[in-house]
Amino acid sequence: TEDFAMRAGSERLLYASAHLREVYEDSSLDFFPGTGAAGYMGPGRNPSVCNVSVTPAWIEPGARERFVSAVDKISRKLAAFRPSLLVISAGFDALEGDAGQLNPWTPDDPDLPPHVSPEVLDGVGLRPEDYGTMTRALLGAIH
C-alpha cells in the first residue's frame, strides 16, 4: 500500500502508518516491518505518505504511550486531509504479549542484549482498549 501511495503521488490519496523503529546501520529501511523508510517522511517528501516512527519498548520504556501518540499525530494529518474513504489496518502484532515476527529474541535467549528486559519483548504492549481509543481518534478526525 505504501509503495502504491509513493508511486501515485496524488493529492487525493493519503497513506499513514505508525511503525516501530529500530535504526540499523547501512540500511535505509530502518522501520518494521521493512517498510516506512525514513526517507518517506518529513518536509519536501511525498505528501501522500505519512509515517510516524515509534521506538520499541526493548530500546526505551513507554512504547505503548508513544504508539497511541503516533496515531494522534496521524489523526491530525487525517483531519486536514478530509478523506471520503478510510481504511484501517490494525496491526494486532502490537498487542501486549505478541512479538509477532518483529523481535528476534526470547526471554531465555543468551544473545538478549543486557539493556533489554525480557518483560518488554513485545515491542509495543498495546492493550485491547488502546485499539478502541485509536480507532475513535481516527474516525473522529474525519467527522
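Everything below is about the structure printed above this text.
Here the structure is a predicted model, which is why all the values come from computation and not from measurement.

With respect to the side chain of serine 17
Thinking step 1. Relative to the elements of secondary structure, serine 17 occurs in strand E1 (residues 15-20).
Thinking step 2. Not counting chain neighbours up to four residues away, the residues in contact with serine 17 comprise Cys50, Asn51, Val52 and Ile74.

What about the packing of helix H2 (residues 63-81) against helix H3 (residues 128-141)?
Thinking step 1. Relative orientation of the contacting elements H2 and H3 amounts to 15°, with a least axis distance of 8 Å. The angle between H2 and H3 places the two elements in the roughly parallel class. Judged by the twist between their axes, the crossing of H2 over H3 is right-handed. Contacts from Arg64, Phe67, Val68, Val71, Ile74, Ser75, Leu78 and Ala79 of H2 reach H3 at Glu129, Asp130, Met134, Ala137, Leu138 and Ala141.
Thinking step 2. Among the residues making up the contact of H2 with H3, the classes are represented as ten nonpolar, one polar and three charged.

Some remarks on H2
Thinking step 1. Compared with the 27 Å implied by 1.5 Å per residue over 19 residues, the 27 Å span of H2 between its first and last C-alpha is a close match.
Thinking step 2. Among all positions in H2, only Ala63, Arg64, Phe67, Ala70, Val71, Ile74, Ser75 and Leu78 are buried. With its buried residues spanning 150° around the axis, H2 presents them on a single face.
Thinking step 3. On its buried side, H2 packs onto E1, strand E2 (49-54) and H3.

Parameters at a glance
Residues numbered from 1 in each chain as written. Predicted model: local features only at pLDDT ≥ 70, side-chain atom pairs only at ≥ 80, totals over all residues. Heavy atoms only, no water. Helix = DSSP H or I, 4+ residues; strand = E, 2+ residues; numbered from the N terminus. Contact = heavy atoms within 4.5 Å. Axes fitted to C-alpha atoms, helices over the stretch in contact; angles between N-to-C directions. Parallel < 35°, antiparallel > 145°, perpendicular 65-115°, else oblique. Left-handed = near helix turned anticlockwise from the far one by under 90°. Nonpolar A, V, L, I, M, F, W, Y, C, P; charged D, E, K, R; others polar. Expected span 1.5 Å × (residues − 1). Buried < 20%, exposed > 50% of the residue type's maximum accessible area, 1.4 Å probe, protein only. Arc of directions from axis to C-beta.

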